[in-house]
Amino acid sequence: MGVSVATSEFPAANYAFQAHTISDAVAPYELVKTMRASILTLGPTLARTGFAKISLPGGCAIGARPVDLHLSALEKMGATIATSHGYIEARAPKGGRLKGAHIVFEKITVTGTEIF
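Residues numbered from 1 in each chain as written. Predicted model: local features only at pLDDT ≥ 70, side-chain atom pairs only at ≥ 80, totals over all residues. Heavy atoms only, no water.

Peer 1: I tried to follow the environment of Thr 49 on my own but got confused; where do I start?
Peer 2: Inspection of the secondary structure assignment puts Thr 49 in helix H2 (residues 42-49). Spatially, the C-alpha atom of Thr 49 lies 7.9 Å from that of Ile 22, the residues being 27 residues apart in sequence. Sequence-distant contacts of Thr 49, defined by excluding residues within four places in its chain, comprise Ile 22 and Ala 25. In this structure the side chain of Thr 49 is engaged in a polar contact, spanning 2.8 Å, whose partner is the backbone oxygen of Thr 45. Looking at Thr 49, its side chain comes within polar contact range of the main-chain oxygen of Phe 51, at 2.5 Å. (Helix = DSSP H or I, 4+ residues; strand = E, 2+ residues; numbered from the N terminus. Contact = heavy atoms within 4.5 Å. Polar contact = N/O pair within 3.5 Å; in protein donor to acceptor, adjacent residues only side chain to side chain.)

This is the structure:
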């Protein structure tokens, strides 16, 4: 995606990320297939680039955790969402900016609040 990461030790307590430009707004299956947290890349990438394509999240050790709350919240902010061939594609409205919205989640969600 064009982001560099630096650390002085590994494992590290601190990481430095440089994301002056993002070369790609796609989080491919090969990169995120084992990450439930892949959904966390959707909101920030969409807000930054106006487009995001991420692989549907991988499994979760504590059971099913659907992403429908994330997607409906982004739609309330003006995004167009489509799912196809194992990917979620999100586009910001014309002008490339999401708009603020009053969002009330129907059930408890931790990652739902993290992406906004």
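Peer 1: I keep staring at the side chain of Ser 55 and nothing clicks. Help me out?
Peer 2: Mapped onto the elements, Ser 55 comes out in strand S4 (residues 51-55). Those residues in contact with Ser 55 that lie beyond four places of it in its chain are Ala 27, Pro 28, Tyr 29, Val 32, Ser 38, Gly 86 and Tyr 87.

Peer 1: Would you take a moment to explain the pattern of salt bridges for this structure?
Peer 2: Close approach of charged atoms allows side chains of opposite charge to pair. Using the criterion set out here, one finds one salt bridge in the structure. Glu 89 serves as the salt-bridge partner of Lys 53, at 3.9 Å between the closest nitrogen and oxygen. You can see Lys 53 sitting in strand S4 and its partner Glu 89 sitting in strand S6 (residues 87-91), a full 36 residues away along the chain. (Salt bridge = Lys/Arg side-chain N within 4 Å of Asp/Glu carboxyl O.)

Peer 1: I would appreciate a short explanation of the packing of aromatic side chains in the present structure.
Peer 2: The relative placement of two aromatic rings is captured by the distance of their centres and the angle of their planes. Considering all chains together, one arrives at zero aromatic pairs under this definition. Just above the ring of Tyr 87 sits the side chain of Lys 53; from NZ or CZ to the centre is 4.9 Å. (Phe/Tyr/Trp six-rings, centres within 6.5 Å; stacked < 30°, edge-to-face > 60°. Lys NZ or Arg CZ within 6 Å of the ring centre and 35° of its normal.)

Peer 1: Which parts of the structure should I look at to understand the confidence of the model for the chain?
Peer 2: Any residue range with low pLDDT should be treated as having predicted coordinates unsuitable for detailed reading. Summary statistics for the chain give a mean pLDDT of 82 and a share of 89% for residues scoring 70 or more. Looking at the elements of the chain, mean pLDDT is at its lowest for helix H1 (residues 29-32), recorded as 74, and at its highest for strand S5 (residues 80-84), recorded as 93. (pLDDT = per-residue confidence, 0-100.)

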